Amino acid sequence: MQPMNAQMGGYDRAITVFSPDGRLYQVEYAREAVKRGTTAVGIKCLDGVVLIVDKRVSSRLLEQSSIEKIFKIDDHIGVASSGLVGDARALVDRARVESQINRVSYNEAIEIETLSKKLCDHMQTLTQYGGARPYGTALLIAGVSEEQTRLFETDPSGTLLEYKATAIGTGRPAVMKVFEEDYKDDMKISEAIPMGLKALHAATEGKFDVNTVEIGVVVLENSLFKKMSRDEIKEYVDRFEEDYSSENKEKSSEE
């Protein structure tokens, strides 16, 4: 039998060539780039949508404010990314242009689903033609449309899915486990952020603090997206750490 690398041969070199078992290896490699990225979490609530990102600071010499994983697209739309940050920034720029074109053309804000589909259509074309590689990034697109909260997830193949709560990046399995157990349809932002921090804590094995967490919120009441300040994040992180330590004490006393 030939070794695996020989079997893959030319199939993983060209984006337009399917392997004999129906796979596009370059798209799968792009998905691997996303899986190796930092964890990003999205939660849909009654009164808004929450995005939480682990920035994973790799060096104490790094200026933490220079790491950006949550972006404002329009007044009512925010995006969190995982994977190659440069690719994410290119998609964010494209999304901002699409949003402004919609305002100029129709004198109204673009709908979340419309924008998400436009981005995914663009991502899908890069899996179909030679001369360019797929985007090595996935996005969580959060916003408010027609007085409804929406949360979409994209991937490098151009697939678009809508979720109540989801995650992308290296810690996705751990986060989804927490969400499966704890998520409720009637949650509010004030409840969703602690749950998101709990999920991120599980995904990072406790290695996060106020400097490595970024939080963005779209509020349903005024349909506005905002990134939380360091002081606001610190309040939530400190409260979570207090609750977490008291839970651990209770468990150890019971044992």
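Scoring rules and cut-offs
- The residue count restarts for each chain, going from 1 along the sequence in the order it is written.
- Given that the model is predicted, a residue must reach a pLDDT of at least 70 before its local features are reported, and side-chain atom pairs must reach 80 or more before they are shown or counted; all residues, however, enter totals for whole chains, interfaces and linings.
- Excluding hydrogens and water, the side-chain figures rest on all heavy atoms present in the structure.
- UniProt positions are given in the numbering used here, feature names are shortened, and annotations may be inferred rather than shown by experiment.
- By the criteria applied, helices consist of DSSP H or I runs no shorter than four residues and strands consist of E runs no shorter than two, each listed in order from the N terminus.
- For a helix, the expected span equals 1.5 Å multiplied by the residue count minus one.
- Working definition: with a 1.4 Å probe on protein chains only, accessible area under 20% of the residue-type maximum means buried, over 50% means exposed, and in between means partly exposed.
- Within this analysis, the arc is defined by the directions that extend from the helix axis to the C-beta atoms.
- The set of buried Ala, Val, Leu, Ile, Met, Phe, Trp, Tyr and Cys residues whose side-chain atoms join them within 4.5 Å is what this entry labels a nonpolar core.
- To obtain an axis, a line is fitted to C-alpha atoms, over the contacting stretch when the element is a helix, and the angle between two such axes runs from 0 to 180 degrees between their N-to-C directions.
- Less than a right angle of anticlockwise turn of the near helix away from the far helix marks a crossing as left-handed, whereas a clockwise turn marks it as right-handed.
- Should any heavy atoms of two residues lie within 4.5 Å, those residues are counted as being in contact.
- Under the grouping applied here, Gly and all other residues not named as nonpolar or charged are polar, the nonpolar ones being Ala, Val, Leu, Ile, Met, Phe, Trp, Tyr, Cys and Pro and the charged ones Asp, Glu, Lys and Arg.
- As used in this structure description, the phrase polar contact means that two N or O atoms lie within 3.5 Å; if the pair is within protein, one of them must be able to donate a hydrogen and the other to accept it, and residues adjacent in sequence are counted only when both atoms belong to side chains.
- Between rings of Phe, Tyr and Trp, where Trp is taken as its six-membered ring, a pair exists when centres lie within 6.5 Å; planes separated by under 30 degrees are stacked, by over 60 edge-to-face, and by other angles tilted.
- Put simply, a charge is over a ring when the Lys NZ or the Arg CZ is close to the ring centre, within 6 Å, and near the line of the ring normal, within 35 degrees.

The chain is annotated in an unreviewed UniProt entry as Proteasome subunit alpha from Methanomicrobium antiquum. Recorded under Function (unreviewed entry), the UniProt text for the chain is reproduced unchanged: "Component of the proteasome core, a large protease complex with broad specificity involved in protein degradation." Within the UniProt record for the chain, the comment given under Subcellular location (unreviewed entry) is "Cytoplasm".

Caption draft 1: Focus on the UniProt feature "domain: Proteasome alpha-type subunits" (unreviewed entry) in the chain. The UniProt entry lists residues 11–33 under the feature "domain: Proteasome alpha-type subunits" (unreviewed entry), expressed in the numbering used here. Within the segment residues 11–33, helix and strand shares are 39% and 0% respectively, and the terminal C-alpha atoms sit 19 Å apart.

Caption draft 2: Layout of helix 4 (residues 112–125). In this model helix 4 runs 20 Å from its N-terminal to its C-terminal C-alpha over 14 residues, within 8% of the 20 Å that 1.5 Å per residue would give. Residues of helix 4 that are buried include every one of Ile112, Leu115, Ser116, Leu119, Cys120, His122 and Met123, and no others. Angularly, the buried residues of helix 4 cover 155 degrees about the axis, an arc narrow enough to put them on a single face.

Caption draft 3: Representation of the nonpolar core in the model. Within the largest apolar cluster, 31 residues are counted, with the highest numbers of intra-cluster contacts made by Ile43, Phe179, Ile193, Leu197 and Ile215. Where this core is concerned, the elements lending two or more residues are strand 1 (40–44), strand 2 (48–54), strand 8 (165–168), helix 5 (172–182), helix 6 (189–203), strand 9 (213–219) and helix 7 (230–254). The element contributing the most residues to this core is helix 6, with eight residues. Listed in part, the 18 residues of the second largest apolar core include Phe71, Ile77, Ile110 and Leu119.

Caption draft 4: Spatial organisation of the packing of helix 5 against helix 6. Direction vectors running N to C along helix 5 and helix 6 enclose 145 degrees, while the axes themselves pass 8 Å from each other. For the pair helix 5 and helix 6, the crossing hand works out as right-handed. Across the interface between the two elements, Ala174, Val175, Val178, Phe179 and Asp182 of helix 5 pack against Met195, Gly196, Lys198, Ala199, Ala202 and Ala203 of helix 6. Class assignment of the residues belonging to the contact of helix 5 with helix 6 gives a composition of eight nonpolar, one polar and two charged.

Caption draft 5: Summary view of the environment of Gly216. Its location among the elements puts Gly216 in strand 9. According to the relative accessible area criterion, Gly216 is buried, its value standing at 1%. Taking the C-alpha atoms as reference points, Gly216 and Ile233, separated by 17 residues in sequence, lie 9.9 Å from one another. Excluding residues that lie within four positions of it along the chain, Gly216 makes contacts with Val49, Val50, Leu51, Ile70, Phe225, Lys226 and Lys227.

Caption draft 6: Molecular detail of unusual backbone geometry. A positive phi is found at Glu147, a non-glycine position, where the angle reads about 60 degrees. You can see Glu147 is positioned in the loop between strand 5 (137–145) and strand 6 (148–154). Phi at Ser223 is positive, roughly 55 degrees, even though this residue is not glycine. Position of Ser223 among the secondary structure elements: in the loop between strand 9 and strand 10 (224–227). A relative accessible area of 28% means that Ser223 is categorised as partly exposed.

Caption draft 7: Representation of the side chain of His122 in the model. Checked against the element boundaries, His122 lands in helix 4. Within polar-contact distance, the side chain of His122 engages the side chain of Tyr135 at 2.7 Å. The contact partners of His122, leaving out residues within four places of it in the chain, are Leu91, Arg94 and Tyr135.

Caption draft 8: Examining the packing of aromatic side chains more closely. Per the counting criterion, the structure on display carries two aromatic pairs. A ring pair is formed by Phe208 and Phe240, whose centres lie 6.0 Å apart and whose planes are at 25 degrees; its orientation type is stacked. With a gap of 32 residues between them, Phe208 in the loop between helix 6 and strand 9 and Phe240 in helix 7 connect regions that are remote in the sequence. Of the two residues examined, Phe208 and Phe240, each falls in the buried class. The residue whose ring lies beneath Arg239 is Tyr236, and the NZ or CZ to ring-centre distance is 5.2 Å.

Caption draft 9: Looking closely at the environment of Ile67. Relative to the helices and strands, Ile67 resides in the loop between strand 2 and strand 3 (70–74). Apart from the residues within four sequence positions on either side, Ile67 is in contact with Lys55, Val57, Leu62 and Glu214.

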